[in-house]
Amino acid sequence: NGNGLYDLLRISFGAEIEQAGSYRLTGVLRSAGSQSALYADSLLTVPAGATTVRLEFSGPVINALRLEGPYTVDLLVRDPATLQELDAVRLPFTTAAYSADEFDPFGASNQPIVLTGNSSDSGVDTNGNGLFDELRVNVEVALARTDFYEWGARLVDHNGTELGFYTRRATLSAGVTNINFVFDGE
């Protein structure tokens, strides 16, 4: 948008694809000394052989989380149909030493979805036995346009161990709304 602040952080790297196909990639951006992490998802359809992969991380979220560079990036590769993890690797480099203040807190005006920073969660007892059967998480987002969206989230413990994964698709109207995630209580 020409204001001198970054709207996103684009990470590109080379990859050797053993088997042609479609893959769901999740990049996890981390900053040393921070417990926060930023996720970027993409669907990649590629032939076998060498290719360049690109992930884009939201500048407003880097700013909001106060993530100071340099950053490391972990990459998770999943089957898009089953979400089964096929591979996981930490990229063998770190980024430049960006400051969180170098990223635009509002982002480009054409950014289709922005996290507002408001969220809530609750345990739900669906069978009345006094124990939670589900964890429901609501995340407020601002949508630039009415469109068909797909969203997903990994539920991890404080050590980064995955406890669950949730994905959903729906048509959402422009404006501020909530997207929901439901994780199994087990």
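Higher on the page you've got the structure.
Calculation criteria
Residues numbered from 1 in each chain as written. Predicted model: local features only at pLDDT ≥ 70, side-chain atom pairs only at ≥ 80, totals over all residues. Heavy atoms only, no water. Pairing = 2+ DSSP bridges. Helix = DSSP H or I, 4+ residues; strand = E, 2+ residues; numbered from the N terminus. Axes fitted to C-alpha atoms, helices over the stretch in contact; angles between N-to-C directions. Phe/Tyr/Trp six-rings, centres within 6.5 Å; stacked < 30°, edge-to-face > 60°. Lys NZ or Arg CZ within 6 Å of the ring centre and 35° of its normal. Patch = residues over 30% accessible without salt bridge, like charges linked within 9 Å, V, L, I, M, F, W, Y side chains within 5 Å. Areas by Shrake-Rupley, 256 points an atom, 1.4 Å probe, with all protein chains shown as cover. Salt bridge = Lys/Arg side-chain N within 4 Å of Asp/Glu carboxyl O. Lys, Arg positive; Asp, Glu negative; His and termini not counted. Charge placed at Lys NZ, Arg CZ, Asp CG, Glu CD.

Undergrad: Where do I start with the sheet that holds strand 5 (residues 71–78) in this structure?
TA: Sheets are built from strands paired through backbone hydrogen bonds, the pairs being either parallel or antiparallel. Here we have 4 strands laid out as an open sheet, ordered 3-2-5-6, and antiparallel in their pairing. With one partner strand each, in any of the chains shown, strand 3 (37–46) and strand 6 (85–90) form the two edges of the open sheet. Each neighbouring strand pair of the sheet contributes to a mean axis angle of 20 degrees, computed without reference to strand direction. Relative to strand 3, strand 2 (residues 21–31) is paired through 10 bridges, and the arrangement is antiparallel. The partner of glycine 27 across the bridge, within strand 3, is alanine 40.

Undergrad: Mind showing me how you'd approach the packing of aromatic side chains here?
TA: Each aromatic ring pair is specified by the distance between its two centres and by the angle formed by the two planes. Using the criterion set out here, one finds 6 aromatic pairs in the structure. Measuring from centroid to centroid gives 6.4 Å for tyrosine 71 and tyrosine 98, while their planes differ by 15 degrees, and the two rings are stacked. Of this pair, tyrosine 71 sits in strand 5 while tyrosine 98 is found in the loop between strand 6 and strand 7 (113–124), placing the two residues 27 residues apart along the sequence. Residue placement shows arginine 78 over the ring face of phenylalanine 165; its charged tip is 4.8 Å from the ring centre.

Undergrad: Honestly, a negative patch on the surface in this entry has me stumped. Any pointers?
TA: A cluster of acidic residues, Glu16, Glu18, Glu85 and Asp87, forms a negative patch at the surface. If you trace the backbone, glutamate 18 turns up in the loop between strand 1 (8–17) and strand 2.

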